[in-house]
Amino acid sequence: MITADPGNRDCSKGCTLSVADGKTLTLQASENEGYIFAGWSGACSGTEGCEITMNKNEVVTATFEKEKTWQLTVRTSEGAKVMVNPGNRDCSKGCTLFVADGKKVTLKAPNSPNYEFKGWGGACSGTYSCSVLMDRHNTVTALFEPYKTYTLTVDIYEWVDSTFDVAGKGRVLINPQGKICGANCDTEFIENTGAILYAYPNKGSEFVGWHGGVCDGQGACQILMNSNKLVNAIFQPDIEVDLFDERLFPPETCYKPGPRSCAAECVNVHASQKQTC
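The following paragraphs examine the structure supplied in this document.

As a further point, take the pairing of strand 23 (residues 221-225). Burial of the side chains of strand 23 is restricted to one face: Cys221, Ile223 and Met225 are buried, whereas none of Gln222 and Leu224 on the reverse face is. Examined bridge by bridge, strand 21 (residues 193-201) and strand 23 share five bridges and lie antiparallel to one another. Paired with Thr193 across the strands is Met225, a residue of strand 23.

Let us now look at the side chain of Thr151. With respect to the secondary-structure elements, Thr151 resides in strand 15 (residues 149-158). Of the polar contacts made by the side chain of Thr151, one reaches the side chain of Glu188; its length is 2.5 Å. In this view, Thr151 contacts Asp186, Thr187, Glu188, Met225, Asn228 and Lys229; residues no more than four positions away in its chain are not counted.

With that settled, consider the environment of Ile156. Here Ile156 is to be found in strand 15. C-alpha separation for the pair Ile156 and Asn232, spaced 76 residues apart in sequence, amounts to 5.9 Å. If sequence neighbours within four positions are ignored, Ile156 has contacts with Gly170, Arg171, Val172, Cys181, Gly182, Ala183, Asn184, Ala233 and Phe235.

Considering all chains together, one arrives at six disulfides under this definition. Paired by a disulfide, Cys44 and Cys50 hold their sulfur atoms 1.8 Å apart. Its S-S torsion of approximately 65° makes the covalent link between Cys44 and Cys50 right-handed. Judged by its relative accessible area of 9%, Cys44 is buried. When its relative accessible area of 1% is taken as the criterion, Cys50 is described as buried. Here Cys91 connects covalently by a disulfide to Cys95, the sulfurs 1.9 Å from one another.

The rules we used
Residues numbered from 1 in each chain as written. Predicted model: local features only at pLDDT ≥ 70, side-chain atom pairs only at ≥ 80, totals over all residues. Heavy atoms only, no water. Buried < 20%, exposed > 50% of the residue type's maximum accessible area, 1.4 Å probe, protein only. Helix = DSSP H or I, 4+ residues; strand = E, 2+ residues; numbered from the N terminus. Pairing = 2+ DSSP bridges. Polar contact = N/O pair within 3.5 Å; in protein donor to acceptor, adjacent residues only side chain to side chain. Contact = heavy atoms within 4.5 Å. Disulfide = S-S within 2.5 Å.

Shown next as structure tokens:
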């Protein structure tokens, strides 16, 4: 675009101006997208502003050239998240860009919810942001892989007292997901992340404790998920009875989580003590 002052006249398509003798005419050249200003010729030269003192007829030529560009090809794998600047363009599914000669392009690949960024290929390497100087055609590849996951299985055991026909019931809260399990449930965790379990008995029940080898006791159960894990949560009725009344609870009364047999160590229903049936 060419403007002439005084008058701020648009001479982008060429023009003829009548200027009083001795007056100064100023010409300014600005580039449209995709073009660069190559310079003045005739009464002016160089690439800066053009000033002419009009004491005779003058001719000025402004030369523009199409900007030289290079092609940047971005290739991605499944689950990718790739942003390209300038322009903050989303190239997560791959893209082709045309970039002016000598310009720099920056690519970033943050981890996505279910995929981990493993590194760049082509014109970039490593796992940090990628900066490419566009002085040739370039190709960049972003490699993502699914996170490795493990399953946390929570089994909820409810001891049933046939004498009173009641069962101990409860729920387990799994954090950080905030998932509540009122029955047996499975939860997926990314490898080496942590899980915290809290047990909440329902009204009329009490929490006996954790079982299964991963956690014990009655407090919060903290687990590092570096393999598949199984946790048993045992609840029982909260009933006030004489625990020494063998008519209700003979010495062999016990419960072993897992397979429904009582051939080994198990948990005494009300005294919460281990014994052998």
